[in-house]
Amino acid sequence: IGALRDVGQNHLLQLLSLFTMNTPNNFDANSIRTKRAEVLQTLKPLSKKQIREDTIRAQYDGYLEVKGVKSKSKTETCFKIKTSLDMAKWRDVPIYIESGKALSKTKAEVVIKFKHEAPCLCPMEGEHYINVLKYEIQPKERITISLWVKKPGPKMEIVRKDFSFDYKNSYSKSSFIRPYEKLLLSAIEGDQTLFVSTEEIMASWRFIDSIKKAWEDSSISLLKYKSGSNKIINK
């Protein structure tokens, strides 16, 4: 079915809505699902021009040799999408959604890069001073913030320092349950917080369908990348 429908429509858009939703009235399922839906409903379907310029789809070398895959399959195993939310606090903030199979590492994370102040005082060469907040979900559950600070001493030297909180190092293993165990428990208890509402499903498919249809109906290239690559392919 392709990486976009397999991962993008559900997992990644759910993460997007959780991280950008407005504060719910309380922690009950209806309040949280309502706020998640509000986010997804601001994701407007991309125009054909935007899809050509702001999306990438690719397939790893060797995919066509996988058992059961058609010899001329155009199914993407990797994608990257640039989009935005029509919400006051997120307006003009670029959002990138990406996923890929057969990469060098298996991981799931949300990375927030803080906006540069103007004028930029970074060196002409080398890394720019961008503070980063990273939420790692797999394989480790960890929150890391990377800040640029002045190194002690008379010289004006800026270095990056990471501050990290690791869930499993902070709590005993007995405190954790597996994700699907949590889902089953929520289903038994009638707690719908972790399950998507009809409004969320309709809004996410409205966004994804516009991309999928353009990929199928147009001449947007299906790029190739090597199995074992360490990052999503760029144009």
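Before reading on, note that the structure itself is shown above.
Residues numbered from 1 in each chain as written. Predicted model: local features only at pLDDT ≥ 70, side-chain atom pairs only at ≥ 80, totals over all residues. Heavy atoms only, no water.

Turning next to the nonpolar core. Judged by nonpolar contacts, the single largest core of 26 residues is most densely connected at Leu13, Phe79, Phe207 and Ile211. Every element with two or more residues in this core is listed here: helix H1 (3-20), helix H2 (29-40), strand S2 (78-83), strand S3 (95-100) and helix H6 (198-217). Setting aside residues no more than four positions away along its own chain, Phe207 makes contact with Leu13, Leu43, Lys44, Pro45, Leu46, Ile81 and Thr83. Listed in part, the six residues of the second largest apolar core include Ala58, Tyr63, Cys78 and Tyr225. (Core = buried A, V, L, I, M, F, W, Y, C linked by side-chain atoms within 4.5 Å. Buried < 20%, exposed > 50% of the residue type's maximum accessible area, 1.4 Å probe, protein only. Helix = DSSP H or I, 4+ residues; strand = E, 2+ residues; numbered from the N terminus. Contact = heavy atoms within 4.5 Å.)

On to a nonpolar patch on the surface. A cluster of nonpolar residues, Phe165, Tyr167 and Tyr171, forms a patch on the protein surface that exposes about 290 Å² of accessible area. Relative to the helices and strands, Tyr171 is located in the loop between helix H4 (167-170) and helix H5 (179-189). You can call Tyr171 partly exposed: its relative accessible area is 46%. (Patch = residues over 30% accessible without salt bridge, like charges linked within 9 Å, V, L, I, M, F, W, Y side chains within 5 Å. Areas by Shrake-Rupley, 256 points an atom, 1.4 Å probe, with all protein chains shown as cover. Salt bridge = Lys/Arg side-chain N within 4 Å of Asp/Glu carboxyl O.)

A separate point is the environment of Ile56. Within the secondary structure, Ile56 sits in strand S1 (residues 55-60). Expressed as a C-alpha distance, the spacing of Ile56 and Trp215, which sit 159 residues apart in the sequence, is 9.7 Å.

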